[in-house]
Structures are given as structure tokens and as C-alpha cells.
Amino acid sequence: MDFLISRDELSRALSKVQGIVQKKSTTPILSAVLIQAGDGVIRITATDKALTYLGSFVANVNIPGEIAVDAANLSQIVKVLPSDTVSFRLAANDRVELRCGKSTYKVAALNAADYPPMPSFDVTGWLKIDAKDLRQIIDHAGFAIAPDDNRYGLNGAHFDSIDTSVGKYLRMVGTDGNRLNYSQVPYEGELTVGKRMLMPGKGVGEVRRMIDGMTGSVEIGFGDRSAVVRFEGTTMHIRLLEAEFPNYTEVLPKSFKSTATVDADVLLESLRRVAIFATDGAHSFRCDFGNDTVTMTARRLDVGDAREELAIDYTGPSLSIGFNVQYLQEALRAVGKKRVQIRMGDVLSPAIITPTDNDGDKEGCLFVVMPVRLDG
């Protein structure tokens, strides 16, 4: 095995897999990447058994072959090499030799035959979505996915196909039980994911990281218990979670008593100041709505309190309600520099946050935040 590759291309290849390989695995092969050289490219494979990545990168291959190398060690070496061509060859005693400029490294390697095989996949349907749109629905809904693997039915993203008068929209839904987000964008093809199948939070996050800044389209195919994501010489195989996602449409409030309208970035700036004292277990603070004003207060025992007043457009009776400040901040950051509506019922009813430019039931996003009980 012998090939030449630019330092930047090899660094780019290794950066793709850092979130997938198990850095402190009791099975050393799962801390490694499989490198296969041939036909003018190298193929990099990384897996944690639930998520598998395969990417192709341009190289000048002199002798084809394959080897597995610890991903963290190899990445650390490549980062400090000069920006030049890297010579990568298999040397004696199961070692890999890297040469770049006047630098030489010899690194212990593992037998490629011991590397887990790429999972088989029987696709039942493919959909195509613009990379920009896929980033949007992940950014809007992904952060609400429950991080705890034991939260049965909440630790993955749910997908729906929404039919409208102008076409089909792919809706991604995430919830952790205290908040619920969804976002939807147009797509082509067929959504064939099973009703009891969820895409795990780690898989969603890795897809988002891989397509950052990308233009063009992404293909997503679903099988019985797995999904494959394909784009720009990259294939990701994601094992799906079998779980019953809550009937999220039933928890969406159907009527509201109050509506606050405000610029998201302006409200975020006020929340940043209040959040300093919203440090209890629920990161709670109080909102007093009325007379086109919201007064936000937070108290930190034995330290002090904060008070912030903000002019808004408000309709409805006066309302005092508590929220988790972090949940509101994350929803508003996802919206960006837009004007939002916050619709509320009573002190125990969920609040719904939507951008004012949502296009009805078509392209758009929605954030549901449960209130928190306040003392006094």
C-alpha cells in the first residue's frame, strides 16, 4: 500500500470521522479508521456499529491496499504536518510510514480484516432534499431531541411527509418532553421510514456536521431498520431506533388567550441579561405580560435578582408565566433575526413560538415550550 495525498485533503478526510470513532473503546478497532487505497482515491471508513461513515478522497495511488489506523493519533499527526504532499505507505512490522517535507512518522496499524464490514442495506425508497433545507430542519428541530438514551421514544428525530397544494414537505420533529420543535421544507421522492422508526440524535448531529456549508442535494434512503444518507462522495449508514414517537399533534394547543410579537434578536438580548440569575434547576424566570410590555425577572437566592423590561406588541389579558430561559434562548437563536409570535393560553399551558413569516402549513417551523411553575 502506497499513495500520495495533499495534507489538506487527508486532514479533511480525518476531520469527518472524529465524531464517529470511539476514542476510548475497549475494542481498539473501533477507535481506528479503515483506509483503502485504489483507483485514484482513498476510501475512509469509520464506525461505532450504530453509525458508519464512508468517504472518498482524491489521491495518487501507487500501490493499492488497505489498513486500519488509530484515528486520534493519525489526526494529531496530520494536523501538525507542513502544508505539502503526504507520502503514506505500509512499512514493515505492521506500521504505517508518513512522510511530509522533512517530517517522518511511523505509526502502529491494525489488520484491515478485523475491521467491521460496511452494513448491508435494502432501500425501500429514496428522497432528495437540498442541503440548505436539510440544515434548516436540523437546526430548527434537532436541539430538542432528548439527549438521554433511556428516554424511550424521545431520543430520536421523527419524520413526516406533509402534503400541501404546492407539493410535499418533509417535516422533522424533535422533543425531550419539556419542549417540542418541528420544521418542514420541500423534498422530492418518497419518504418510506417506518412509523416506529426514529433517527438517533447522534446520527442527526453527524449529518448536520458533514453537510455544513455544502451546496447541492442530499439523498436519504430508508430500509427496514436503517437509513442511508448520500452526498458528494460520502455515504453514511445510520441504525434507526425502534420506538413509539408521541402523537405530537395532540399536544399542540388549539386556542390561545394572549399573543406577544417581538423581534427575536431583541428578546434574545434581554434574555441574555436575565439568564445570569436564572440558575436554579429549571433555569426558570418570570414573564409578566401586559400593556405592550413584558417584564422579565429572575432571582438567585443569597445573591440577588435581575429585572428587564421590554416593549412588545401584545394582545390579550395580563399574564404572569414562568419559562426555562435556556429553552426560549435556543428557540429564538434557531429562528434568527426575524420577528416572532409567542402565543399563550394560561400559566400551565404550552406556549408556541413561530416566525411571523411562516408560510402557513408549507415551509416553516414551530417551537413549543412548556411553562415552569413559579413560587409566589
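It should be noted that the structure appears before, not after, this text.
Residues numbered from 1 in each chain as written. Predicted model: local features only at pLDDT ≥ 70, side-chain atom pairs only at ≥ 80, totals over all residues. Heavy atoms only, no water.

Colleague: Got a minute to help me understand the overall build of the protein chain in this structure?
Modeller: On a plain count of helices and strands, the protein chain comes out with six helices and 28 strands. Expressed as lengths along the three principal axes of its C-alpha atoms, the size of the protein chain is roughly 80 × 50 × 35 Å. Looking at the protein chain as a whole, 51% of its 376 residues qualify as buried. Taking contacts inside the protein chain between residues at least 6 apart in sequence as the whole, the part at least 24 apart equals 66%. Element-wise, carbon and sulfur atoms account for 46% of the exposed surface of the protein chain, whose accessible area totals about 17900 Å². The averaged location of the 48 negative side-chain charges in the protein chain is 3 Å from the averaged location of its 43 positive side-chain charges. (Helix = DSSP H or I, 4+ residues; strand = E, 2+ residues; numbered from the N terminus. Buried < 20%, exposed > 50% of the residue type's maximum accessible area, 1.4 Å probe, protein only. Contact = heavy atoms within 4.5 Å. Areas by Shrake-Rupley, 256 points an atom, 1.4 Å probe, with all protein chains shown as cover. Lys, Arg positive; Asp, Glu negative; His and termini not counted. Charge placed at Lys NZ, Arg CZ, Asp CG, Glu CD.)

Colleague: Where do I start with the layout of surface pockets in this structure?
Modeller: One way to see where empty space is left: roll a probe the size of a water molecule over the atoms. Size it by volume and the largest pocket reaches roughly 450 Å³. In this structure, the largest pocket is lined by 18 residues; those nearest its centre are Ser284, Ala298, Arg299, Leu374 and Asp375. Those elements that provide at least two residues to the lining of the largest pocket are strand E21 (284-290) and strand E22 (293-300). The leading source of residues in the lining of the largest pocket is E22, at four residues. Residue composition of the lining of the largest pocket, by class: eight nonpolar, three polar and seven charged. (1 Å grid on protein atoms, 1.4 Å probe; cavity = no way out; pocket = protein on both sides within 12 Å on 5 of 7 lines; lining within 4 Å. Points joined across faces, edges and corners; volume = space filled by probe spheres on them. Nonpolar A, V, L, I, M, F, W, Y, C, P; charged D, E, K, R; others polar.)

Colleague: What should I look at first to understand the state of the cysteines in this one?
Modeller: Disulfides are covalent bonds that connect the sulfur atoms of two cysteines. Applying the stated criterion across every chain, the model contains zero disulfides. There is no disulfide at cysteine 365, and the cysteine sulfur nearest it, in cysteine 287, is 20 Å away. (Disulfide = S-S within 2.5 Å.)

Colleague: When you look at helix H2 (residues 71-80) in this model, what are you seeing that I'm missing?
Modeller: Turn by turn, an α-helix covers 3.6 residues, leaving residues three or four places apart pointing in a common direction. When H2 is considered as a whole, its buried residues turn out to be Ala71, Leu74, Ser75, Ile77 and Val78. All buried residues of H2 project into a common sector of 165 degrees when viewed along the axis, lining one side. Exposed residues lying more than 90 degrees from the buried face of H2 are Gln76, Lys79 and Val80. Structurally, H2 contributes buried residues whose contacts are with helix H1 (7-17), strand E2 (32-38), strand E6 (65-70), strand E7 (85-91), strand E8 (95-100) and strand E9 (103-110). The residue sitting at the N-terminus of H2 and contributing the capping side-chain oxygen is aspartate 70; that oxygen lies 3.2 Å from the backbone nitrogen of alanine 72. (Arc of directions from axis to C-beta. Polar contact = N/O pair within 3.5 Å; in protein donor to acceptor, adjacent residues only side chain to side chain.)

Colleague: Please explain the packing of aromatic side chains as it appears in this structure.
Modeller: With the rule as written, the count across this model stands at six aromatic pairs. Ring geometry for tyrosine 182 and tyrosine 248: centres 6.3 Å apart, planes at 65 degrees, overall edge-to-face. Remark: tyrosine 248 occurs in the loop between strand E19 (241-242) and strand E20 (258-263) and tyrosine 182 occurs in strand E13 (residues 179-186); sequence separation between them is 66 residues. Comparing tyrosine 182 with tyrosine 248 shows no difference in burial state: the two are buried. One aromatic cluster in this structure is built from Tyr182, Phe245 and Tyr248. Its end group placed over the ring of tyrosine 182, arginine 171 keeps NZ or CZ at 3.9 Å from the ring centre. (Phe/Tyr/Trp six-rings, centres within 6.5 Å; stacked < 30°, edge-to-face > 60°. Lys NZ or Arg CZ within 6 Å of the ring centre and 35° of its normal.)

Colleague: Honestly, the sheet that holds E21 in this entry has me stumped. Any pointers?
Modeller: In sheet architecture, strand pairing relies on hydrogen bonds along the backbone and comes in two forms, parallel and antiparallel. What the four strands build is an open sheet, ordered E23-E22-E21-E25; its pairing is antiparallel. Edge positions in the sheet fall to strand E23 (304-311) and strand E25 (319-324), since each has one partner strand and no second. The sheet shows a mean angle of 20 degrees between the axes of neighbouring strands, taken without regard to direction. Bridging between E22 and E23 involves eight bridges; their strand directions are antiparallel. Note that in E23 the partner of arginine 300 across the bridge is glycine 304. Of the strands in this sheet, E21 and E25 touch helix H6 (residues 325-335), which is tilted by about 80 degrees from E25. (Pairing = 2+ DSSP bridges. Axes fitted to C-alpha atoms, helices over the stretch in contact; angles between N-to-C directions.)

Colleague: How do you make sense of the environment of asparagine 93 when you look at a structure like this?
Modeller: In this structure, asparagine 93 sits in the loop between E7 and E8. The spacing of asparagine 93 and alanine 50 is 43 residues in sequence and 32 Å in space, taken between C-alpha atoms.

Colleague: Explain empty space enclosed by the protein here, please?
Modeller: The full count for this structure, using the stated rule, is two cavities of 30 Å³ or more. In this structure, the largest cavity spans a volume of roughly 80 Å³. Surrounding the largest cavity, 13 residues form its lining, Leu267, Cys287, Phe289, Val294 and Ile342 being those nearest its centre. Put simply, the parts of the chain that give the lining of the largest cavity at least two residues each are E20, helix H5 (264-274), E21 and E22. A total of three residues in the lining of the largest cavity trace back to one element, the largest contributor, which is E21. For the lining of the largest cavity, the class distribution of residues is 13 nonpolar, no polar and no charged. In this structure, the second largest cavity spans a volume of roughly 60 Å³.

Colleague: Can you walk me through the pairing of E9 in this structure?
Modeller: Walk down a regular strand and you will see the side chains alternate between the two sheet faces. Pairing of E6 with E9, which is carried by two bridges, proceeds in the antiparallel orientation. By the bridge assignment, alanine 68 is partnered in E9 with leucine 110. Both E8 and E9 contribute to a ladder of six bridges, which runs antiparallel. Across the sheet, residue leucine 98 finds its bridge partner in E9, namely tyrosine 105. Linkage of E8 to E9, two consecutive antiparallel strands, is achieved through a turn of two residues, within which glycine 101 is found at a positive phi near 60 degrees.

Nothing here speaks to function; it is all geometry.
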